[in-house]
Amino acid sequence: MPTFPSHWGGISGSIDKGETPIQAVQRELLEETNLPQNSIRVEEPGGLYLDIKSSSSALFGGRTIRVYPFRIHITPEDRAGFELRGNEHDAYKFVSVREFRKEDGFGPTVPGLVDAFHHSTFGKYLDTLPKDVRDWEENRVDGAASLARSAMDLAGRYPEHSQSISMLRPSMVPIVNVLNKFEQGGKRPQDIDRLVDSLREESERCVSMGVDVIRKAKRRDPRRLAIATFSRSSTMRSILSQIQADDESVEVICGRSTPG
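These lines cover the structure that appears in this document, whether it is placed above or below. (Residues numbered from 1 in each chain as written. Predicted model: local features only at pLDDT ≥ 70, side-chain atom pairs only at ≥ 80, totals over all residues. Heavy atoms only, no water.)

**Let's talk about the overall build of the chain**
Logical step 1: For the chain, the count of helices and strands is 10 helices and 6 strands.
Logical step 2: Going through the 260 residues of the chain one by one, you find that 35% of them count as buried.
Logical step 3: Excluding contacts between residues fewer than 6 apart, the proportion of contacts in the chain whose partners are at least 24 apart in sequence is 66%.
Logical step 4: For the chain, the accessible surface area stands at approximately 15800 Å², while carbon and sulfur atoms represent 50% of it. (Helix = DSSP H or I, 4+ residues; strand = E, 2+ residues; numbered from the N terminus. Buried < 20%, exposed > 50% of the residue type's maximum accessible area, 1.4 Å probe, protein only. Contact = heavy atoms within 4.5 Å. Areas by Shrake-Rupley, 256 points an atom, 1.4 Å probe, with all protein chains shown as cover.)

Right, dumping it as structure tokens:
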């Protein structure tokens, strides 16, 4: 994040060549604070990127800045003895989540700081999302293909929340990347409709391929066939439903999992 004099911001810096985002945040903390290396614990998961744009050509030189927000855990002892290093910061303060969300009492902040906070906490404290977006977040039944289609639909209905939708399920990397592209490129709803149709077609193709593979295996060995899976995905469910409808001798054993 570029320098903004007299603005509150987090510990930040550029990612050096060959570094990962998590390596960069660990290095920056060592450079700009007195936190001992063995006590810096970056909370995982983390590193979901956030693109911060400006409507002013003067801000960022008209660029879009990509930031990777992380949250860290520090002990009460480290907090009590906390100090800044170098000359990049003039002051610091610890504030509660409630104080931070209110954004008053501690002055102006760098662009995107509040959004970065919500990304680093994966929407835990965000109370402005529509109910069906929260329902999508809490869906632990459908798999990635179904969730991807739902995410695209939600992004079309709530374009202003597209980056928020992506941060709610950060482990679903393809969905996160696509949704960020929608936000960055300002895609129209019809573009999302085409993508949803494409995802549906690809899912149906995968179901057909899976059914064909299992049927061929049954023809090679007509004895009882057992299928064990740790996937509770909607694609796998569709495959197995078709197989069981055709042949009751197929036994399905599915382990418990948490998609996303």
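**Concerning the packing of aromatic side chains**
Logical step 1: Inspection of the entire model under this criterion finds 5 aromatic pairs.
Logical step 2: A ring pair is formed by Phe 100 and Phe 117, whose centres lie 4.9 Å apart and whose planes are at 55 degrees; its orientation type is tilted. With Phe 100 in helix 3 (residues 97–102) and Phe 117 in helix 4 (residues 113–120), the pair connects residues that are 17 residues apart, well separated along the chain. Side by side, Phe 100 and Phe 117 carry an identical accessibility label, which is buried. (Phe/Tyr/Trp six-rings, centres within 6.5 Å; stacked < 30°, edge-to-face > 60°.)

**So, the nonpolar core**
Logical step 1: Counting residues in each nonpolar core, the largest one holds 12 residues, listed as Leu 126, Leu 129, Val 133, Trp 136, Leu 147, Ala 151, Met 152, Leu 154, Tyr 158, Ile 165, Met 167 and Leu 168.
Logical step 2: Elements with a minimum of two residues in this core: helix 5 (131–137), helix 6 (144–157) and helix 7 (162–168). (Core = buried A, V, L, I, M, F, W, Y, C linked by side-chain atoms within 4.5 Å.)

**What to know about the side chain of Arg 134**
Logical step 1: Following the sequence through the fold, Arg 134 ends up in helix 5.
Logical step 2: Residue classification places Arg 134 among the buried residues on the basis of a relative accessible area of 18%.
Logical step 3: One polar contact links the side chain of Arg 134 to the main-chain carbonyl oxygen of Gly 123, over a distance of 2.7 Å.
Logical step 4: Those residues in contact with Arg 134 that lie beyond four places of it in its chain are Gly 123, Leu 126, Leu 129 and Leu 168. (Polar contact = N/O pair within 3.5 Å; in protein donor to acceptor, adjacent residues only side chain to side chain.)

**Some remarks on helix 4**
Logical step 1: Within helix 4, 7 of the 8 residues are buried, leaving the element largely enclosed by the surrounding structure.
Logical step 2: Among all positions in helix 4, only Leu 113, Val 114, Ala 116, Phe 117, His 118, His 119 and Ser 120 are buried.
Logical step 3: Taken from the residues just after helix 4, Phe 122 is the one with a positive phi, measuring 50 degrees.

**Some remarks on the side chain of Glu 28**
Logical step 1: Relative to the assigned elements, Glu 28 resides in helix 1 (residues 21–32).
Logical step 2: On the basis of relative accessible area, Glu 28 is assigned to the buried category, the value being 8%.
Logical step 3: There is a polar contact of 3.2 Å between the side chain of Glu 28 and the side chain of Arg 27.
Logical step 4: Apart from the residues lying within four places of it in its own chain, the contact partners of Glu 28 are Ile 11, Ser 12, Gly 13, Ser 14 and Thr 33.

**Looking at the pattern of salt bridges**
Logical step 1: Taken as a whole and assessed by the stated rule, the structure comprises 8 salt bridges.
Logical step 2: Across the pair Arg 27 and Asp 16 runs a salt bridge, and its minimum N-O distance is 3.5 Å. Here the residue Arg 27 occupies a position in helix 1, and Asp 16 occupies one in the segment before helix 1, the gap between them amounting to 11 residues.
Logical step 3: Take Arg 27: its relative accessible area is 19%, and that puts it in the buried class.
Logical step 4: Residue class for Asp 16 comes out partly exposed when judged on its relative accessible area of 40%. (Salt bridge = Lys/Arg side-chain N within 4 Å of Asp/Glu carboxyl O.)

**Topic: the environment of Ile 65**
Logical step 1: Looking at the secondary structure, you find Ile 65 in strand 3 (residues 65–67).
Logical step 2: The class of Ile 65 is buried, set by a relative accessible area of 10%.
Logical step 3: Sequence-wise, Ile 65 and Lys 53 are 12 residues apart; in three dimensions their C-alpha atoms are separated by 6.5 Å.

**What to know about helix 1**
Logical step 1: Spanning 12 residues, helix 1 covers 16 Å between terminal C-alpha atoms, matching the ideal 16 Å at 1.5 Å per step.
Logical step 2: By the burial criterion, the buried members of helix 1 are Ala 24, Val 25, Arg 27, Glu 28, Leu 29 and Glu 32.
Logical step 3: Of the surrounding secondary structure, the elements contacted by the buried residues of helix 1 are strand 1 (41–42) and strand 4 (72–73). (Expected span 1.5 Å × (residues − 1).)

These results come straight from atomic positions and should not be treated as a statement about function.
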